[in-house]
Every structure is written in C-alpha cells, then in structure tokens.
Amino acid sequence: MWWIIMIVLIGVAGGFGSDYLKHKRKMEQIRLDVLDREIELERIRQENFLLENHSMREELERIRQENRQLYEKDSDRRWLIDETKEKEG
C-alpha cells in the first residue's frame, strides 16, 4: 500500500517540478527578449547621436561659410575706427 502512495507522490512532485522548470524557462526567455530590446534601443540611440552630430556639424559649417562671406563682403572693415578718429581730430 505504501508503494502506491509513493508512486503517486513521485508523480505529483514530478508534475510540479516540470511546471516550475517551464516557468523558469519562460522567465529566462522574457529576460532575453528584454535584453535584446535594450540592445536595439541603445543601437538606435547611438545612430541618432551620430546623425545629430553630423547635422550639427553641417549647420556649423554653413554658419561659418556665411560668416566668411559676410566678412569678405565687408572689405572696408575699419570705417568705424576711421570715422571715430575724424570726429576726435
């Protein structure tokens, strides 16, 4: 009679053990999915950072070019100094 009870208990324990291991595998799979998403998000952040830097570099170069053109356009840059000297003298 005891051997029947032992067989039933072993079967029940095996069922619970199997369910527990399935749960553990499922939780590990969820953790892996989260980690994959975090890696993808970080990759996208880095790409965005590089694109923003490139865009900012182009904008800075455009501003520098405009400033050079304005500087070259104003060939008589000392007119204010000369005008001030004339008023003083």
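For the structure, check the block above.
Every value quoted in this text rests on a predicted model; they were computed, and no experiment measured them.

1. Considerations on the overall build of the protein
- On a plain count of helices and strands, the protein comes out with 2 helices and 0 strands.
- Relative to its full complement of 89 residues, the protein shows a buried share of 0%.
- A total accessible area of about 8900 Å² is found for the protein, and carbon and sulfur atoms account for 62% of it.

2. Focus on a nonpolar patch on the surface
- Side chains of Met1, Trp2, Ile5, Met6, Leu9 and Ile10 sit close together on the surface and give an oily, nonpolar patch of about 750 Å² of accessible area.
- Assignment of secondary structure puts Ile10 in helix α1 (residues 2-73).

3. Here we look at the pattern of salt bridges
- Tallying each qualifying case throughout the model produces 7 salt bridges.
- Of the charged contacts, one joins Arg43 and Glu40 as a salt bridge, the two residues approaching to 2.3 Å between their closest N and O atoms. Of this pair, Arg43 and Glu40 both sit in helix α1, 3 residues apart, which is roughly one turn of that helix.
- On the basis of relative accessibility, which here comes to 35%, the residue Glu40 falls in the partly exposed class.
- Note that Arg45 is salt-bridged to Glu42, the shortest N-O span being 3.7 Å. One end of the pair, Arg45, and the other, Glu42, are both in helix α1, 3 residues apart, so they sit about a helical turn from each other.
- One continuous salt-bridge network, built from bridges that share partners, spans Glu40, Arg43 and Glu47.

Rules used in this analysis
Residues numbered from 1 in each chain as written. Predicted model: local features only at pLDDT ≥ 70, side-chain atom pairs only at ≥ 80, totals over all residues. Heavy atoms only, no water. Helix = DSSP H or I, 4+ residues; strand = E, 2+ residues; numbered from the N terminus. Buried < 20%, exposed > 50% of the residue type's maximum accessible area, 1.4 Å probe, protein only. Areas by Shrake-Rupley, 256 points an atom, 1.4 Å probe, with all protein chains shown as cover. Patch = residues over 30% accessible without salt bridge, like charges linked within 9 Å, V, L, I, M, F, W, Y side chains within 5 Å. Salt bridge = Lys/Arg side-chain N within 4 Å of Asp/Glu carboxyl O.

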